[in-house]
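Okay, here's what each chain looks like letter by letter:
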Amino acid sequence: MKFQVSCSLSVLVGVASSHTIFTQLTAGGVTNGIGVGIRIPSYDGPITNVNSNDIACNGGPNPTTPSSKIIDVQAGSTVKARWRHTQQSGSNDIIDAGHSGPVMAYLKKVSNAATDPGYGGGWFKISEAGLINAASKQWAVNDLIKNLGEQSIPIPSCIASGQYLLRAELIALHGAGSSGGAQFYMECAQINITGGTGAKSPATVSLPGAYKANDPGILVNIYSTPAISKYTIPGPPVFTC
Ligand SMILES: *[C@@H]1O[C@H](CO)[C@@H](O)[C@H](O)[C@H]1NC(C)=O
Ligand SMILES: [Cu+2]
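Residues numbered from 1 in each chain as written. Chains lettered and ligands numbered in written order. Predicted model: local features only at pLDDT ≥ 70, side-chain atom pairs only at ≥ 80, totals over all residues. Heavy atoms only, no water.

The protein is annotated in an unreviewed UniProt entry as AA9 family lytic polysaccharide monooxygenase from Glarea lozoyensis. Comment text from UniProt for the protein, heading Sequence similarities (unreviewed entry), reads "Belongs to the polysaccharide monooxygenase AA9 family." Entered under Subcellular location (unreviewed entry) in the UniProt record, the comment concerning the protein runs "Secreted". (UniProt positions renumbered as here; feature names shortened; annotations may be inferred.)

Here it is, written out as structure tokens:
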């Protein structure tokens, strides 16, 4: 057994879990293999620079492996993003429970989901959860662990059909009391949405751009006394039909 030196809290809660990766996508009842239709990195560490292109679809310090697969997704259905500690981890080894923070998902319409680099404009948020219960210090990450790493993401029915990047994201806030201390975990899945009505065009943001290092949900001491009772999830509001 080795200590995860990059993750000091893991010393307190055990060495089996620490960082995390969105490894698999379930859509239409089919669970795709690890890294099938998702650009996953070999290393599970976070991105910490919100101004880096890597904040969109990872990369940089964590080089990602391309996938030629584009996963069909029915508009209006709910897909499941599966997080786990590393590519090799068992299905109940999700992330260090001390990695408190929000869980989100974004979409970006692209012309080729297998090759689009992801960074830049066009992103809209489709789901988010943050501080679930302030008194019991229950965060969306704790729910994710309870759900064995399964993040349910409803795909809007009113957007246009076509190819998209689906960006599932988790932010660990245990070190977020100092600037640059928030840990961003994200991967991009490559999807082909069918059956979308196209009735609405979501407002979009840029990544990098949508997050600032001093956003109240990014530069935040979650262990402050009195303990925080309210948490502002970073990024734009969730798009709804
Ligand atoms: C996306 O789905 C449509 C409708 O089924 C299909 O015609 C198209 O070939 C698909 N594109 C990709 C890249 O899978
Ligand atoms: Cu970590």
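Structure's up, so let's keep going.
Another aspect to go through is the pattern of salt bridges. Following the criterion strictly, the structure yields five salt bridges and no others. K80 is the partner of E150 in a salt bridge, and the nearest nitrogen-oxygen pair spans 3.7 Å. Taken together, the residues E150 in strand β11 (residues 150–154) and K80 in strand β6 (residues 78–84) connect sequence positions 70 residues apart. Since its relative accessible area comes to 31%, K80 is described here as partly exposed. (Salt bridge = Lys/Arg side-chain N within 4 Å of Asp/Glu carboxyl O. Helix = DSSP H or I, 4+ residues; strand = E, 2+ residues; numbered from the N terminus. Buried < 20%, exposed > 50% of the residue type's maximum accessible area, 1.4 Å probe, protein only.)

Overall, the coordinates contain four aromatic pairs when judged by the stated rule. Relative to F239, the ring of F124 lies with its centre 5.7 Å away and its plane at 80°, an arrangement referred to as edge-to-face. Placement of F124 in strand β8 (residues 120–129) and of F239 in the segment after β14 (205–207) is noted, with a sequence separation of 115 residues between them. By relative accessible area, which is 4% here, F124 ends up buried. Judged by relative accessible area, F239 falls into the buried class, the value being 14%. A cation over a ring is seen here: R167 above Y106, with NZ or CZ 5.0 Å from the ring centre. (Phe/Tyr/Trp six-rings, centres within 6.5 Å; stacked < 30°, edge-to-face > 60°. Lys NZ or Arg CZ within 6 Å of the ring centre and 35° of its normal.)

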